[in-house]
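Notes for the structure review
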Amino acid sequence: FIFRQLERAKQDAETFYEEQSESTINMSSPMFMREFYFGLVSFWIGREKCDKKWLLRGIASKHALNNLATTASTWNFENKAFLLQAE
């Protein structure tokens, strides 16, 4: 994502999505950061490939961070939710 390698980002995001959906809910801080970056990558892929599946994944990440901003810690998650909202 950072180096604008779309296909590599898509492959890694697909792997993340599969592993995330197979595992139990992990409430650790690194998982929240992965959710944020997954949302950014999902929106990017969705726009570049005109793929609704990826846009929906980005929206799901945005909702997850909005939920965290309201229930867990506004200070920690609100800025990331706003960044995904801008996407």
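Right above here is the structure, for reference.
A brief look at the structure comes next. This structure is a prediction, so every number in the text was calculated from the model and none was measured.

Let us now look at the packing of aromatic side chains. The tally for this structure, following the rule as stated, stands at two aromatic pairs. Consider the rings of Phe 38 and Trp 54, whose centres lie 6.3 Å apart with planes at 55°: the pair is tilted. You can see Phe 38 sitting in helix H2 (residues 29-49) and its partner Trp 54 sitting in helix H3 (residues 52-71), a full 16 residues away along the chain. Its relative accessible area of 5% is what places Phe 38 among the buried residues. The ring of Trp 54 has Arg 57 lying over it, and the distance from NZ or CZ to the ring centre is 4.6 Å.

Turning our attention to the environment of Ala 69. In this structure, Ala 69 sits in helix H3. Linking Ala 69 and Phe 82, residues 13 residues apart in sequence, is a C-alpha distance of 9.9 Å. Setting aside residues up to four positions removed in sequence, Ala 69 forms contacts with Thr 74, Phe 77 and Glu 78.

A few words now on the side chain of Ser 42. Within the fold, Ser 42 resides in helix H2. Apart from the residues lying within four places of it in its own chain, the contact partners of Ser 42 are Trp 54, Leu 55, Arg 57 and Gly 58.

According to the stated counting rule, one finds one salt bridge in the structure shown. As a salt-bridge pair, Lys 49 and Glu 7 come within 2.7 Å of each other at their nearest N and O atoms. On the criterion of sequence distance, the pair formed by Lys 49 in helix H2 and Glu 7 in helix H1 (residues 6-22) is long-range, its members being 42 residues apart.

Across its 13 residues, helix H4 (residues 74-86) extends 17 Å between first and last C-alpha, which sits within 8% of the 18 Å expected from 1.5 Å per residue. Those residues of H4 not exposed but buried are Phe 77, Lys 80, Ala 81 and Leu 84. Seen along its axis, H4 keeps its buried residues to an arc of 105°; they face one direction. In this structure, H4 carries Trp 75, Phe 82 and Ala 86 as exposed residues pointing more than 90 degrees from its buried face.

Quick notes on the rules
- Within each chain, residues carry numbers counting from 1 in the order of the written sequence.
- Given that the model is predicted, a residue must reach a pLDDT of at least 70 before its local features are reported, and side-chain atom pairs must reach 80 or more before they are shown or counted; all residues, however, enter totals for whole chains, interfaces and linings.
- No hydrogens and no water enter the side-chain calculation; it runs on all heavy atoms of the structure.
- Only the six-membered ring of Trp is used, alongside the rings of Phe and Tyr, when aromatic pairs are assigned; centres must lie within 6.5 Å, and planes under 30 degrees apart are stacked while those over 60 apart are edge-to-face, with the rest tilted.
- Here a helix means four or more residues in a row that DSSP labels H or I, a strand means two or more in a row labelled E, and each is numbered from the N terminus.
- Buried means the residue's accessible area, taken with a 1.4 Å probe over protein chains only, is under 20% of the maximum for its type, while exposed means over 50%, and partly exposed covers the values in between.
- Definition used: whenever NZ (Lys) or CZ (Arg) falls within 6 Å of the ring centre and also within 35 degrees of the ring normal, the charge is taken to sit over that ring.
- Two residues form a contact once any of their heavy atoms are found within 4.5 Å.
- Salt bridge, as used here, is a side-chain nitrogen of Lys or Arg placed within 4 Å of a carboxyl oxygen of Asp or Glu.
- Take the residue count of a helix, subtract one, and multiply by 1.5 Å to get its expected span.
- Think of the arc as the fan of directions from the helix axis to the C-beta atoms.

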